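Examination of the molecular architecture
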Amino acid sequence: MATPTNDHDLLIAMNTKLDIMLTTSADHETRMRRLERWFWIAAGMAAASGAGISAAISTLVGSG
């Protein structure tokens, strides 16, 4: 893209870049929400499996 030479061309270029940025930002928000959701699911699964493994080991070893 050529460098704008007057105010009109500069405003058109800025508007185009703004539209692209707003679209990208919305996509970014969607990706972040999806990642955060998976993070909390994984954290819950880790906690539940940790408790299960701890209970199994306690049962195998005996609780004194």
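Use the structure listed above.
This section reports on the structure supplied with the text. Everything numeric here is computed off the predicted structure, so don't read it as measured data. Counting restarts for each chain: residues are numbered from 1 in the order of the written sequence. Under the rules for a predicted model, residues below a pLDDT of 70 receive no local features and side-chain atom pairs below 80 are neither given nor counted, while totals for whole chains, interfaces and linings still include all residues. In computing side-chain values, all of the structure's heavy atoms are included and hydrogens and water are not.

**Quick word on the overall build of the protein**
What counts as a helix is a DSSP run of H or I of at least four residues, what counts as a strand is a run of E of at least two, and both are numbered from the N terminus. Helices and strands together make up the secondary structure of the protein, namely one helix and zero strands. In terms of C-alpha radius of gyration, the protein reaches 26 Å, well past the compact-globule figure of 11 Å for 64 residues. Dimensions of the protein, computed from the C-alpha atoms along their principal axes, are close to 85 × 15 × 15 Å. Within the protein, buried positions represent 2% of all 64 residues. Here the protein has roughly 5800 Å² of accessible surface; of this, 67% comes from carbon and sulfur atoms. Looking at the protein, you have 5 positive and 6 negative side-chain charges, and the mean spots of the two groups are 13 Å apart. Only C-alpha atoms enter the radius of gyration; for comparison, a globular chain is expected to reach 2.2 Å times N to the power 0.38, where N is the number of residues. Under the scheme applied here, a residue whose accessible area is under 20% of the maximum for its type counts as buried, over 50% as exposed, and between as partly exposed, the area being computed with a 1.4 Å probe on protein chains only. Where accessible areas are quoted, they stem from the Shrake-Rupley method and a 1.4 Å probe; at the residue level, only the protein chains shown are allowed to cover. For the charge count, each Lys or Arg is scored as positive and each Asp or Glu as negative, with His and the chain ends excluded. To locate a charge, the coordinates of NZ of Lys, CZ of Arg, CG of Asp or CD of Glu are taken.

**Digging into the packing of aromatic side chains**
For Phe, Tyr and Trp, where Trp contributes only its six-membered ring, two rings pair if their centres lie within 6.5 Å, and the inter-plane angle classes them as stacked under 30 degrees, edge-to-face over 60, or tilted in between. If you walk through the whole model with that rule in mind, you get one aromatic pair. Measuring from centroid to centroid gives 5.0 Å for Phe39 and Trp40, while their planes differ by 80°, and the two rings are edge-to-face. In this structure Trp40 comes out as exposed when scored by relative accessible area, which is 62%.

**Points about a nonpolar patch on the surface**
Residues enter a patch when their relative accessible area is above 30% and they make no salt bridge; the linking distance is 9 Å between like charges and 5 Å between nonpolar side chains (Val, Leu, Ile, Met, Phe, Trp, Tyr). Here, a salt bridge means any side-chain nitrogen of Lys or Arg that lies within 4 Å of a carboxyl oxygen of Asp or Glu. A surface patch of nonpolar side chains, about 460 Å² in accessible area, is lined by Ile53, Ile57, Leu60 and Val61. Relative to the elements of secondary structure, Ile53 occurs in helix 1 (residues 7-61).

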